[in-house]
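Okay, here's what each chain looks like letter by letter:
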Amino acid sequence: EAQVTQNPRYLITVTGKKLTVTCSQNMNHEYMSWYRQDPGLGLRQIYYSMNVEVTDKGDVPEGYKVSRKEKRNFPLILESPSPNQTSLYFCASSARTETYEQYFGPGTRLTVT
Amino acid sequence: SQQGEEDPQALSIQEGENATMNCSYKTSINNLQWYRQNSGRGLVHLILIRSNEREKHSGRLRVTLDTSKKSSSLLITASRAADTASYFCATDEGDYKLSFGAGTTVTVRA
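Everything quoted here is computed from the prediction, not taken from an experiment.

1. What about the interface of chain A and chain B?
Chain A puts 24 residues into the contact, and the matching count from chain B is 22 residues. Both sides of the chain A and chain B interface together cover about 1,900 Å² of buried area, and 51% of this is carbon and sulfur. At the boundary of chain A with chain B, the tally comes to zero salt bridges. In this structure, the connection of chain A to chain B is made through two residue pairs in polar contact (both at pLDDT 80 or more). Contributing elements (two or more residues each) for the side of chain A that touches chain B: β4 (31–38), β5 (42–51) and β9 (87–94) of chain A. Taken together, the residues of the side of chain A that touches chain B sort by class into eleven nonpolar, eight polar and five charged.

2. Describing unusual backbone geometry
In this model, N7 of chain A is joined to P8 of chain A through a cis peptide bond whose omega is -5°. Cis rather than trans, the peptide bond between D7 of chain B and P8 of chain B has omega equal to 0°. Structurally, the position occupied by P8 of chain B is in the loop between β1 (5–7) and β2 (10–14).

3. A look at the pattern of salt bridges
Working definition: two side chains of opposite charge can pair if their charged atoms are close together. Enumeration according to the criterion identifies eight salt bridges over all chains in this entry. Note that K56 of chain B is salt-bridged to E53 of chain B, the shortest N-O span being 4.0 Å. Several salt bridges share partner residues, and in doing so they unite K18, K65 and E79 of chain A into one network.

The rules we used
- Residues numbered from 1 in each chain as written.
- Chains lettered and ligands numbered in written order.
- Predicted model: local features only at pLDDT ≥ 70, side-chain atom pairs only at ≥ 80, totals over all residues.
- Heavy atoms only, no water.
- Contact = heavy atoms within 4.5 Å.
- Buried area = accessible area lost by both parts, 1.4 Å probe.
- Salt bridge = Lys/Arg side-chain N within 4 Å of Asp/Glu carboxyl O.
- Polar contact = N/O pair within 3.5 Å; in protein donor to acceptor, adjacent residues only side chain to side chain.
- Helix = DSSP H or I, 4+ residues; strand = E, 2+ residues; numbered from the N terminus.
- Nonpolar A, V, L, I, M, F, W, Y, C, P; charged D, E, K, R; others polar.

Purely geometric stuff here, so don't read any function into it on its own.
Here it is, written out as C-alpha cells:
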C-alpha cells in the first residue's frame, strides 16, 4: 500500500531534549516536505527536499533541521525543542511531476513542556 | 507565507444540501489544490485545477478558478455525514512550495 509513515505519532518531551521525528514513504517520490499545523494558522511549511541531499527552508524553519540521505526518508530534527514548537506535524511526499499533488502522513502530535 | 484564505471559517449544513467554500490568494499561481482533513488526521488530496482552467469536476466536487479575481471555490453537492471535515486550499506558485490556508470546517448534520 502506498503510504507515508511517521513516527512517533505522539510525543511529550521537555524543553531542550533533542528529538527526531521520522518520515518514510514507499512511493519512490522525489519531493518531501514537513509542515506544522497550529489552530487558526493552517499548515506552514518547515522544510522541503527536492531529492536526495537537496533540502531548502520553508516558511518557518527556525529551530528545526532536516536531512535527506535516502530517497525514502526525511527525518525532522529538533535539536533543542521549546514550548512554542508544540504542534501537530505532518510529513508529505509527491512525485516530481508538473502538479506534485502531495501525499500526507498521519501526523505527529508533539508537546514540549 | 500563507497564501490562501478560505471563507467561511466554518459551515454547518444539513445532509443532502450543497456546501460551498471559497479561497482567495494574493500572487500568481501555477495551480490550486484542495485537500480534506478529517479530525486530527493527514490531509488528503481532492482535486487540482490549473491556472489555465476555469472549472473542474470530480464526482460530487466542483472547483472553479478565477485568476482575475485570484479566487477559487469548492462546491460539494448532496453532502453526506462523511463529508464532515476541514477543507484547505493550497496554491502552487511554481517554486515547489504549496501554501495552505487556514481551512474551512464543514459539519454535515444528519
